[in-house]
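Read off the chains here:
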Amino acid sequence: MSQRILVIGGGVAGSVCALRLRQHGLTVHLVEKESFPRAKVCGCCIGGTGLSVLQRVEMGGWIADNAQATQTWIGSLGGRSVRIPLTTGIAVSRERLDMELLVRVRESGAVVHSPVSANVDSIDENRVGVILKGACGSEELQDYSAVVLASGLNASGSKRLLPWTELPHGPFGASFFAKVDGLPTGVIGMACDRDGYVGVVRLEDGRVDVAAALSSGASQRGNGSPKQRILQILERSHLPIGSVEVTSEVMVTPPLRRSRLSGTGRLVAIGDASGYVEPFTGEGMTWGMMSGYAIADLIADSRGDFHSLGQRWCQRQKRLLGSRRRTCRLLTTILQNSVARFGAAQVLSRFPSFARPLTAHLSRPVD
Ligand SMILES: Cc1cc2nc3c(=O)[nH]c(=O)nc-3n(C[C@H](O)[C@H](O)[C@H](O)COP(=O)(O)OP(=O)(O)OC[C@H]3O[C@@H](n4cnc5c(N)ncnc54)[C@H](O)[C@@H]3O)c2cc1C
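Describing the overall build of the chain
For the chain, the count of helices and strands is 9 helices and 21 strands. Here the C-alpha atoms of the chain give a radius of gyration of 20 Å, agreeing with the 21 Å that 2.2 N^0.38 yields for 367 residues. Structurally, the chain occupies a C-alpha span of about 65 × 40 × 35 Å along its principal axes.

Focus: the site of the ligand
In the vicinity of the ligand, 44 residues are found, and the nearest of them are G11, G43, G152, G271 and G284. Contributions of two or more residues to the shell around the ligand are made by α1 (12–23), β3 (45–47), β9 (116–123), β13 (164–180), β16 (208–214), β18 (251–260) and α6 (284–301). Among the elements that take part in the shell around the ligand, α6 stands out by supplying 4 residues, more than any other. When grouped by side-chain class, the residues that make up the shell around the ligand number 19 nonpolar, 19 polar and 6 charged.

What about the sheet that holds strand β7 (residues 89–91)?
Within the open sheet, the 3 strands sit side by side as β3-β7-β4. Their pairing is antiparallel. Strand pairing shows two members of the sheet lacking a second neighbour, β3 and β4 (68–69), which therefore form its edges. Packing against the sheet, helix α2 (residues 48–56) makes contact with β3 and β7, and its axis sits at approximately 85° to β3.

Quick look at unusual backbone geometry
Look at the link from F36 to P37: it is a cis peptide, with omega at 5°. Counting through the fold element by element, P37 comes out in the loop between β2 (27–31) and β3. For the bond from S114 to P115, the omega torsion is 0°, close enough to zero to count as cis. One can find P115 in the loop between β8 (111–113) and β9. Within the chain, E58 stands out as a residue other than glycine whose phi angle is a positive 65°. Looking at the secondary structure, you find E58 in the loop between α2 and α3 (60–66). Of note in this structure, R303 is not a glycine but carries a positive phi near 45°. Among the secondary structure elements, R303 is positioned in the loop between α6 and α7 (309–335). For R303, a count of 8 C-beta atoms within 10 Å translates into the label exposed.

Focus: the sheet that holds strand β12 (residues 146–149)
Spatially, 6 strands are ordered β8-β2-β1-β12-β20-β19 in an open sheet, and the strand pairing comes out mixed. Edge positions in the open sheet fall to β8 and β19 (263–264), since each of these has one partner strand only. The pairing of strand β1 (residues 4–8) with β12 spans 4 bridges and is parallel. By the bridge assignment, I5 is partnered in β12 with A146.

Cut-off values and rules
Residues numbered from 1 in each chain as written. Predicted model: local features only at pLDDT ≥ 70, side-chain atom pairs only at ≥ 80, totals over all residues. Helix = DSSP H or I, 4+ residues; strand = E, 2+ residues; numbered from the N terminus. Rg over C-alpha atoms; globule rule 2.2 N^0.38 Å. Near = placed C-beta within 6 Å. Nonpolar A, V, L, I, M, F, W, Y, C, P; charged D, E, K, R; others polar. Pairing = 2+ DSSP bridges. Contact = placed C-beta atoms within 7 Å. Axes fitted to C-alpha atoms, helices over the stretch in contact; angles between N-to-C directions. Buried ≥ 20, exposed ≤ 12 C-beta atoms within 10 Å, placed from the backbone.

Listed below in structure tokens is the structure:
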């Protein structure tokens, strides 16, 4: 019997997964609920590890022609400015990157259904039943041999079958585009203080992406709207930038920290749909793309036997991302403490090379 694999979600995780599945010659369907191009809350930066995954799905040439290289990270923390050179990295708008990936998924021979939303209805010994809902309200039940849930932070598509192991909590994300005076091309600016942290970077089309993780405690609510809070953090910062003019709507996310069971039977979750820590290390897309690539290989290696795919994926994903997620959690915990922020700023402003092991860790290519 022919095996049909469904990927739910056409973000970076879902599209890389679909492309890799097609490289293995498998029959792939991908369902995306939005009409592309679509914007999303993101800092839009990708380091060496993420780039190595994009190269493996033949995106290297497109990245070289269309993304903006980043060479320097400037942080404002503990009342000081810290400048750290970056070895490899790019900034690229999510509208363009995700659109390009989805076009390539279609060109690779996968069947793309969009705008259509999917919801996993049931799993049994032989198939996963999924309800597909079209934009006009039409509904149909389809069977698939295995399903990859890559539906992002909102984690829609299968809340019931993959329960939370850590409920969403902690800071929430917010972003907009802006005109920012004085921000050089190729620089990632990051302003950190008690209310959260804000990243700014100039994209390939000249717009500046402004993305933040804002504390969600009760004491922070009096600080104003997400837009006001972001502008205040930038104003208090020591980043070498001038005036900031907001040029788009402000998008926000639910609380960011969460994790869930990432697989059961023939159903697996990847990317933000399987859990997230925080954006501080700028790795969310990388984690999603690494997972998309790795689950596609696991599906191909399964040779049609998907009974224990979910269980095997839980173990594989832990090995793949465990240390990266722990490092990110540790750094963001340190950052919340004002004394630690001050100490880190003192050391790094004098000895930026102390950050080299961390930047190397974040940029190491996938095995
Ligand atoms: C403030 C902030 C800054 C960040 N900065 C960075 C950064 O600089 N670098 C970085 O690497 N990461 C960053 N991230 C993280 C990054 O944005 C995410 O980790 C990444 O987008 C996850 O990709 P994904 O494919 O899992 O999910 P998404 O990109 O969210 O894609 C999920 C897709 O699934 C679709 N979908 C949802 N439900 C359904 C359904 N039921 N049926 C069909 N389709 C569905 C959605 O429409 C969406 O297109 C940041 C995050 C935040 C909050």
